[in-house]
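Read off the chains here:
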Amino acid sequence: MSPEKNNPQANLSMDVSRRSFMKTSSVVAATMGAVTATADKARAISANEKIRIGFIGPGGRGFGAHVKTLAKLAQEGMPIELASVCDVYSEHRDRAADHIRQQNGNTPSQYEDFRDMIAKEKLDAVCIGTPDHWHAIQAIECMEAGLDVYCEKPMTKTVEESIDVLKVWRKTGRVMQVGVQSTSLPVWGEINKMLREGLLGKVLMYQTEYFRNSAEGQWRYYGLNPKMNPTNINWDLWLGLKDGLAESRPFDREVFAQWRRFWPFGSGMFTDLFVHRTTSMLKATGLRFPGRVTGAGGIFIEYDGREVPDVATVVADFNEGVQGLVTASMASQVTPVNQLIRGHNGSLVLGDEKRRKVKDVNGNEVEISEFQPSNGEQFNKVKFIAERPQVTGNSKLVDQIFSVEPVKDTTYAHFKNWVEAMVAKDPQMCNNAVDLAAAAITTVILGARSYREGKVYHFDSENLTIHEGDSSWAKRWEAKSRLREKPNHIPGWTAGDTGSLLKEPDYMKLGGPWINGKDPGGN
């Protein structure tokens, strides 16, 4: 990320900001070089070996992203073999197997039950693309069987499951990537370095969104067809009856194809969409588990039999003294909130450079460039917006726009990152490893629980436990204020008191209680 050369304000920007962003680019390049070198070395060691991958649930994204992307990577020479496919729906099994045969020349084995596949096939890794309620048990059993894992987001259905997966991941040392592909954008690491070096001063808030709209209602665009029936779908296995994952219910194409609308199997926008943006913001700020979470929303228009809300907001407060907000409607899209991070000295806004034609004072048509806040994961600029110097005490802090390195296909980059991590046998090479994924899913799921149960939740990040909210959160911050303590900071903060202390006016010497009638100001 680098300052815009054609921005006249760039030359006026504080030197720290300029040096920081330029240093970041060098660090990122060096890091990427080291990662590539490590992966190349490991690959050279096992040049004649291939990582045998099995697919669990190659249906929607499990086929369109998992199977297709890895088939492409195999064609390009990555050391992988697409060895087996497993799905409760025979149509999905056949389609995935046909694609692999056509693209890669081998005929993968087919299974209905993932346990049969991992027991009978000599696999090295699996891709999990099943509905949310299956993720935890499949990820845990596969890691315990010695397999590396790619698990589609959300990592788990519940907070408790995420902690279980985290513990097994730490115990086994397996390579596990969670499918929030936007975490493979290098910009998050660059922003994180700038925040730690004090670009914004004390980091206070992040806000993000995932607004959508549709004519038929969110997730009902997944079509139903007559081939979806109990003759070629193992419905009881899909439900997970033997594993206690869901209660028995009659077969229903609507539930099978559009499960994100129903609480037993998904959590609507909380886990399908909010987890994307939340994970990215946690990566940018360096924050992980929240301290306090509340959720709000309701079903205000999409009365189509769904159970999950069409309007929702999650507010998460962190022990580092930062608040995060993610909000959206599934029925209104053209006026989303901006994605940004706020600090005492300024804010970083994610956006795009848009070009449009206008007429100058002489009536001639000219093209101008404008920064516009952007939503989604494909943006090409980050704008620093400075607070006024009367607050910051630094007149060199002015607005500045920085360029962002684009990633054409984040899904491709994310899977490639996973394969390289497996080759290097390095779990921390994953751009969305389990420790980050567990923190993100905990944040959004506690928001969903808060909405449904009407409660505020506290999370103990040391003991990884959930507690119902009480007054202790507010009292903690009030105590810090009474003691005139310094603020908490994001992990890795290196900027000392930059943008973190208030100015004490001289007249405040006159404040304080009068003890025995004595003026604290000495008058």
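Residues numbered from 1 in each chain as written. Predicted model: local features only at pLDDT ≥ 70, side-chain atom pairs only at ≥ 80, totals over all residues. Heavy atoms only, no water.

*Asks:* Tell me about the overall build of the chain, and please be specific about residues and values.
*Replies:* Looking only at helices and strands, the chain has 14 helices and 18 strands in total. For a compact globule of 523 residues, the expected C-alpha radius of gyration is about 24 Å, and the chain comes in at 25 Å, within 12% of that figure. Projecting the C-alpha coordinates of the chain onto the three principal axes gives extents of approximately 90 × 60 × 55 Å. When the 523 residues of the chain are sorted by exposure, 51% land in the buried category. Sequence-distant contacts, at least 24 apart, represent 72% of the contacts inside the chain between residues at least 6 apart. In the form shown here, the chain has an accessible surface area of approximately 23900 Å², with 49% of it arising from carbon and sulfur atoms. (Helix = DSSP H or I, 4+ residues; strand = E, 2+ residues; numbered from the N terminus. Rg over C-alpha atoms; globule rule 2.2 N^0.38 Å. Buried < 20%, exposed > 50% of the residue type's maximum accessible area, 1.4 Å probe, protein only. Contact = heavy atoms within 4.5 Å. Areas by Shrake-Rupley, 256 points an atom, 1.4 Å probe, with all protein chains shown as cover.)

*Asks:* Give me the lowdown on the nonpolar core, citing residues and values where you can.
*Replies:* One finds Leu-70, Val-126, Met-176, Ile-191 and Trp-418 to be the most contacted residues of the largest nonpolar core, which totals 135 residues. Looking at this core element by element, the count peaks at 11 residues for helix H13 (residues 434-453). Excluding anything up to four places from it in sequence, Val-126 contacts Ile-53, Gly-54, Ile-56, Met-117, Ile-118, Cys-142, Leu-147, Asp-148, Val-149, Tyr-150 and Trp-418. (Core = buried A, V, L, I, M, F, W, Y, C linked by side-chain atoms within 4.5 Å.)

*Asks:* Give a description of the pairing of strand E7 (residues 176-179) that names residues and reports values.
*Replies:* Along a regular strand, successive side chains alternate from one face of the sheet to the other. Both faces of E7 are covered, namely the face carrying Met-176 and Val-178 and the face carrying Gln-177 and Gly-179. When strand E6 (residues 148-152) meets E7, the two strands line up parallel, connected through four bridges. What sits directly across from Val-149, in E7, is Met-176. (Pairing = 2+ DSSP bridges.)

*Asks:* So what's going on with the environment of Phe-211? Which residues, and what values?
*Replies:* Relative to the assigned elements, Phe-211 resides in the loop between strand E8 (203-209) and helix H8 (235-239). If we ignore the near neighbours within four places in the chain, the residues touching Phe-211 are Thr-327, Ala-328, Ser-329, Ser-332, Gln-333, Pro-336 and Val-337.

*Asks:* Outline H13, supporting the account with residue identities and numerical values.
*Replies:* Its 20 residues give H13 an end-to-end C-alpha distance of 27 Å, which sits within 8% of 28 Å, the value for a rise of 1.5 Å per residue. With 15 of 20 residues buried, H13 lies mostly within the body of the structure. In the stretch just after H13, Gly-454 is the one whose phi turns positive, near 70 degrees. (Expected span 1.5 Å × (residues − 1).)

*Asks:* Before we move on, can you summarise unusual backbone geometry with the specific residues and values?
*Replies:* Geometrically, the link from Lys-153 to Pro-154 is a cis peptide bond, its omega value of -10 degrees lying close to zero. Positive phi, close to 75 degrees, is recorded for Trp-219, a residue that is not glycine. Judged by relative accessible area, Trp-219 falls into the buried class, the value being 0%. For Lys-425, which is not a glycine, the phi torsion comes out positive at approximately 55 degrees. By the secondary structure assignment, Lys-425 is in the loop between helix H12 (410-424) and H13.

*Asks:* Can you break down the state of the cysteines residue by residue, with the values?
*Replies:* Considering all chains together, one arrives at zero disulfides under this definition. For Cys-86, which is in no disulfide, the shortest distance to another cysteine sulfur is to Cys-142 and amounts to 9.4 Å. Here Cys-151 stays free of any disulfide, with the sulfur of Cys-142 as its closest cysteine sulfur at 9.6 Å. For Cys-151, a relative accessible area of 0% puts it in the buried group. (Disulfide = S-S within 2.5 Å.)

*Asks:* Could you give an account of the packing of aromatic side chains, with specific residues and numbers?
*Replies:* Counting across every chain of the model gives 16 aromatic pairs. Pairing Tyr-221 with Tyr-222 gives two aromatic rings, centres 5.1 Å apart and planes at 50 degrees, and the pair type is tilted. Residue classification places Tyr-221 among the partly exposed residues on the basis of a relative accessible area of 38%. A residue is classified by how much of its surface remains accessible, and Tyr-222, at 33% relative accessible area, is partly exposed. Measuring from ring centre to ring centre gives 5.0 Å for Trp-235 and Phe-251, while their planes differ by 80 degrees; the resulting arrangement is edge-to-face. Linking Trp-235 in helix H8 with Phe-251 in the loop between H8 and helix H9 (253-257), this pair joins segments that are 16 residues apart in sequence. An aromatic cluster is present here, built from Tyr-89, Trp-235, Trp-238, Phe-251, Phe-256 and Phe-265 joined pairwise through their rings. A cation sits over an aromatic face here: Arg-277 above Tyr-210, 3.9 Å from the ring centre. Between Arg-449 and the ring centre of Tyr-457, over which it is positioned, the NZ or CZ distance is 4.8 Å. (Phe/Tyr/Trp six-rings, centres within 6.5 Å; stacked < 30°, edge-to-face > 60°. Lys NZ or Arg CZ within 6 Å of the ring centre and 35° of its normal.)

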